[in-house]
Amino acid sequence: GPKVLQIPSHQIIDMGQMVTLNCDPVSNHLYFYWYKQILGQQMEFLVNFYNGKVMEKSKLFKDQFSVERPDGSYFTLKIQPTALEDSAVYFCASSLETGANTGQLYFGEGSKLTVL
Amino acid sequence: AQSVTQPDARVTVSEGASLQLRCKYSYFGTPYLFWYVQYPRQGLQLLLKYYPGDPVVQGVNGFEAEFSKSNSSFHLRKASVHWSDWAVYFCAVSHMGYKLTFGTGTSLLVDP
């Protein structure tokens, strides 16, 4: 089936550094999402993105976070600067359409971020 | 606010036995409900989804789930578990289909 690829699968960085998580969504999909999962806790919605713009973001999407998809390449989540509480697994997802009846999300395997 | 509770962090069943994974939701209004599965080293995959209608929904690989408004539940079932079902299962509720609220997941271990 359709696949969403995430790079890197695991990254360890020092607090205060910048990190970019990359997502290669399903090729014809138009809507892109990031979710965050802290170990043992729920996966939580961060942001969704369409037509070059953020459509909606949650309170977890701090000012240090940004997303973009320049020229149809990777959909990226950048954190600058990172904080200890940013340690989590970040899941990217994409969908062709949005809405309850049509918007099936396809998820990547996750990028595990460890901030020391 | 909407929420999902999966009370069992880990469930172990013997191969060939029946399975039920529990999911309780909290939602004001009519929910859209989903079960996703994450196999080792893979992304989350949709197993089945419930939209208002028939309370029993069929999914892939012999899975089904039953929606109960009175119990605020959406339990996942399978009549006969296979070793390949070893995975983590996530229940989710949504208003708009994309802004999913997930449970913490249930790890299913299958005894050979």
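Report on the accompanying structure.

Criteria and thresholds
Residues numbered from 1 in each chain as written. Chains lettered and ligands numbered in written order. Predicted model: local features only at pLDDT ≥ 70, side-chain atom pairs only at ≥ 80, totals over all residues. Heavy atoms only, no water. Helix = DSSP H or I, 4+ residues; strand = E, 2+ residues; numbered from the N terminus. Rg over C-alpha atoms; globule rule 2.2 N^0.38 Å. Buried < 20%, exposed > 50% of the residue type's maximum accessible area, 1.4 Å probe, protein only. Contact = heavy atoms within 4.5 Å. Pairing = 2+ DSSP bridges. Axes fitted to C-alpha atoms, helices over the stretch in contact; angles between N-to-C directions. Disulfide = S-S within 2.5 Å. Phe/Tyr/Trp six-rings, centres within 6.5 Å; stacked < 30°, edge-to-face > 60°.

The subject of this paragraph is the overall build of chain A. Scanning chain A from N- to C-terminus turns up zero helices and eleven strands. In sequence order, the secondary structure elements of chain A are arranged as β-β-β-β-β-β-β-β-β-β-β. Expected size for 116 residues packed as a compact globule is a radius of gyration near 13 Å; at 13 Å, chain A falls within 12% of this value. Judged by the C-alpha coordinates and their principal axes, chain A covers about 40 × 30 × 25 Å. Looking at chain A residue by residue over its 116 residues, the buried ones come to 44%. At a minimum sequence separation of 6, the contacts of chain A that also span at least 24 residues come to 55%.

This part takes up the sheet that holds strand E3 (residues 19–24) of chain A. Residue and element names in this part refer to chain A. The sheet built from four strands is open, its strands ordered E1-E3-E8-E7 with antiparallel pairing. Both edges of this open sheet fall to strand E1 (5–7) and strand E7 (65–68), since each of them pairs with a single strand only. Between one strand axis and the next, the sheet turns by 15° as a mean value, whatever way the strands run. As paired elements, E3 and strand E8 (residues 75–79) share five bridges and run antiparallel to each other. For Cys-23, the partnering residue across the bridge sits in E8 and is Phe-75.

A word on the state of the cysteines. Here the structure, examined in full by the defined rule, presents two disulfides over all chains. One disulfide in the model links Cys23(A) with Cys92(A); its S-S distance is 1.9 Å. Negative torsions about the S-S bond denote left-handed disulfides, and the value of about -70° found for Cys23(A) with Cys92(A) makes this one left-handed. Here Cys23(A) is found in strand E3, whereas its partner Cys92(A) is found in strand E9 (residues 88–95), with 69 residues between them in sequence. Neither residue differs from the other here; Cys23(A) and Cys92(A) are each classed as buried. Between the sulfur atoms of Cys23(B) and its disulfide partner Cys91(B) the distance amounts to 2.0 Å. Between Cys23(B) and Cys91(B), the disulfide has an S-S torsion of -65° and is therefore left-handed. With Cys23(B) in the loop between strand E3 (19–21) and strand E4 (24–26) and Cys91(B) in strand E10 (residues 87–94), this residue pair connects regions lying 68 residues apart in the sequence. One exposure class covers both Cys23(B) and Cys91(B), and it is buried.

As a further point, take the packing of aromatic side chains. Scanning the entire structure with this criterion turns up 19 aromatic pairs over all chains. An angle of 75° between the planes, with centres 5.7 Å apart, marks the rings of Tyr35(A) and Phe45(A) as edge-to-face. Taken together, the residues Tyr35(A) in strand E4 (residues 31–37) and Phe45(A) in strand E5 (residues 43–50) connect sequence positions ten residues apart. We note that Tyr35(A), like Phe45(A), is buried. When the ring of Phe34(B) is compared with that of Tyr36(B), the centres are 6.4 Å apart and the planes differ by 35°; the resulting orientation is tilted. For the pair Phe34(B) and Tyr36(B), a shared accessibility class is recorded, and that class is buried. Aromatic rings pair up to connect Tyr35(A), Phe45(A), Phe107(A), Tyr32(B), Phe34(B), Tyr36(B), Tyr51(B), Phe90(B) and Phe102(B) into one cluster.

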